[in-house]
Amino acid sequence: MTSIILVLGCTVMFSLSAFSGQQLSGAFKAALRGGGTYRDVAVLRSVRSLALHTGMLGLLIGIVMMLRSLDDPTQIGPAMAVSLLSMLYAVLIAEALVGPLVNRAIAGLDASQELTADATATESRGGAGLLFSALGVSAILVAVTKLASVAAIFDAPSVIIVVAGTGLFLLAVHPMERVGMALNAAFGRGAIALADAAEAIAIWGTARILAGGLGVAGTLIGAVSMLASMEDPSKVGPALSVAFLPLVYGVILGELFIAPLIGRLSRRAADAPSAPRPERTNTVAAVACMLGVVALFGFLLLAMH
């Protein structure tokens, strides 16, 4: 149930934060009929990406909880079950359900419709988007409370590294007025020119990469700090669990908040095959590296004992 709440709940809520129910149902119906437009493909790709990254989030949260309870073997199994089941449900949703629909929609693309002919593209997601984003965060918190207290996944320095760092580095790369334009484009309404959408997607793509990169950097900094104070092996697990939190925040910020905005921009501008494509992050590689770090410290602890 914890994994279902995390994966399915977050996928639905964060999808609705970027797209209306009509847009989502329309994309799924068009794909099932073997047709659709580039807008429908953009919607389905966003949903697929959200499903995969909520699974990764569940994987990371389960690992954090497992590391925090190394002194209580009865809690290790449930935490690892949440990790594995979250990825299982995410793969089933993304690859067995949404993935084939994406390919079906691509095979039956209909680019004949003009962008202005799509009335649903003029719908604003301002208030509704914030509401469903809050519900998505609530789903994460509910899932966490089934394993431990919410405080177990909160770390102020990690929040500063990922959230504040993303904002500051973004302003270092892009002028403030262009970042403001990207905000207006992401939360605005109506048709958007391809040139404006391309610039906004580039800016949000930078923010997405920064969030993921700072998450990995924060995790490595935490791991180095933990290595500097390994005189007490019993504290290694809890310290490493805190080190993983920046990566958790990076996935939440970059893949559950920023990525749907990029998908929404792609949909509003996707009236031709030349529509801009969002920047991609290598989250899978980052998570694989972090799992390798966990395995390394596991062998290290066994060697110390």
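Nothing here was measured: the structure is a model prediction, and the numbers come from that model.

All right, on to the overall build of the chain then. Scanning the chain from N- to C-terminus turns up ten helices and zero strands. Ordering the α and β elements of the chain from the N terminus gives α-α-α-α-α-α-α-α-α-α. Counting over 305 residues, the chain shows a buried share of 49%. Within the chain, contacts between residues at least 6 apart in sequence are counted, and of these 87% link residues at least 24 apart. Only carbon and sulfur atoms are counted for the fraction: they give 69% of the accessible area of the chain, which is about 13500 Å².

Before going further, it helps to spend a moment on the confidence of the model for the chain. Atom-level detail of predicted coordinates should not be read off regions where pLDDT is low. On average, the chain scores 81 in pLDDT, and the residues at 70 or more come to 80%. Across the chain, element-level confidence peaks in helix H6 (residues 156–173) with a mean pLDDT of 94 and bottoms out in helix H10 (residues 283–304) with 56. In the predicted structure, residues 112–122 sits below a pLDDT of 50 and forms 20 contacts with residues beyond four places in sequence or in another chain. In this model, residues 271–276 is a region of pLDDT below 50 whose contacts with residues beyond four sequence positions or in other chains number 14 contacts.

The next subject is the packing of aromatic side chains. Applying the stated criterion across every chain, the model contains one aromatic pair. Here the aromatic rings of Phe-14 and Phe-257 are separated by 5.2 Å at their centres, their planes lie at 75 degrees, and the arrangement is edge-to-face. Here Phe-257 lies in helix H9 (residues 236–269) and Phe-14 lies in helix H1 (residues 2–18), a separation of 243 residues in the sequence. The class for Phe-14 is buried, based on a relative accessible area of 0%.

Let us now look at H1. Its 17 residues place the ends of H1 24 Å apart at the C-alpha level, agreeing with the 24 Å of an ideal helix rising 1.5 Å per residue. All buried positions along H1 are accounted for by Thr-2, Ser-3, Leu-6, Val-7, Cys-10, Thr-11, Phe-14, Ser-15, Leu-16, Ser-17 and Ala-18.

Their axes nearest at 9 Å, the elements H1 and helix H4 (residues 73–107) cross at an angle of 40 degrees. Taken together, the axes of H1 and H4 are oblique relative to one another. Here the hand of the crossing between H1 and H4 comes out right-handed. Here H1 contributes Thr-2, Ser-3, Ile-4, Leu-6, Val-7 and Leu-8 to the contact with H4, which in turn contributes Ala-81, Val-82, Leu-85, Ser-86, Tyr-89, Ala-90 and Ile-93. Of the residues assigned to the contact of H1 with H4, the class counts are ten nonpolar, three polar and no charged.

Where helix H7 (residues 176–187) meets helix H8 (residues 194–227), the closest approach of the two axes is 9 Å, and the angle between their N-to-C directions is 105 degrees. Between H7 and H8, the interaxial angle falls into the category roughly perpendicular. When H7 is examined against H8, the residues Arg-178, Val-179, Met-181, Ala-182, Leu-183, Ala-185 and Ala-186 are found in contact with a partner set consisting of Asp-196, Glu-199, Ala-200, Ile-203 and Trp-204. A class-by-class count of the residues in the contact of H7 with H8 yields nine nonpolar, no polar and three charged.

A few words now on the pattern of salt bridges. Taken as a whole and judged by the stated rule, the model has three salt bridges. When the shortest N-O distance is used, the salt bridge between Arg-178 and Glu-199 registers 2.7 Å. Taken as a pair, Arg-178 in helix H7 and Glu-199 in helix H8 lie far apart in primary sequence, 21 residues in all. Linking Arg-208 and Glu-255 is a salt bridge whose minimum nitrogen-to-oxygen distance equals 2.8 Å. Residue Arg-208 is found in helix H8, and its partner Glu-255 is found in helix H9; the two are separated by 47 residues along the sequence. Across the pair, Glu-255 and Arg-208 agree in class, each one buried.

Once that is clear, we can look at a nonpolar patch on the surface. Side chains of Met-1, Ile-4, Leu-8 and Val-12 sit close together on the surface and give an oily, nonpolar patch of about 360 Å² of accessible area. With respect to the helices and strands, the residue Ile-4 is situated in helix H1.

Further remarks concern H7. With twelve residues, H7 should reach 16 Å at 1.5 Å per residue; the first-to-last C-alpha distance of 17 Å fits that figure. Those residues of H7 not exposed but buried are Val-179, Met-181, Ala-182, Ala-185 and Ala-186. Burial along H7 is one-sided: seen end-on, the buried residues are contained in an arc of 155 degrees. Residues of H7 that are exposed and angled more than 90 degrees away from the buried face: Met-176, Glu-177 and Asn-184.

Basis of the calculations
Residues numbered from 1 in each chain as written. Predicted model: local features only at pLDDT ≥ 70, side-chain atom pairs only at ≥ 80, totals over all residues. Heavy atoms only, no water. Helix = DSSP H or I, 4+ residues; strand = E, 2+ residues; numbered from the N terminus. Buried < 20%, exposed > 50% of the residue type's maximum accessible area, 1.4 Å probe, protein only. Contact = heavy atoms within 4.5 Å. Areas by Shrake-Rupley, 256 points an atom, 1.4 Å probe, with all protein chains shown as cover. pLDDT = per-residue confidence, 0-100. Phe/Tyr/Trp six-rings, centres within 6.5 Å; stacked < 30°, edge-to-face > 60°. Expected span 1.5 Å × (residues − 1). Axes fitted to C-alpha atoms, helices over the stretch in contact; angles between N-to-C directions. Parallel < 35°, antiparallel > 145°, perpendicular 65-115°, else oblique. Left-handed = near helix turned anticlockwise from the far one by under 90°. Nonpolar A, V, L, I, M, F, W, Y, C, P; charged D, E, K, R; others polar. Salt bridge = Lys/Arg side-chain N within 4 Å of Asp/Glu carboxyl O. Patch = residues over 30% accessible without salt bridge, like charges linked within 9 Å, V, L, I, M, F, W, Y side chains within 5 Å. Arc of directions from axis to C-beta.

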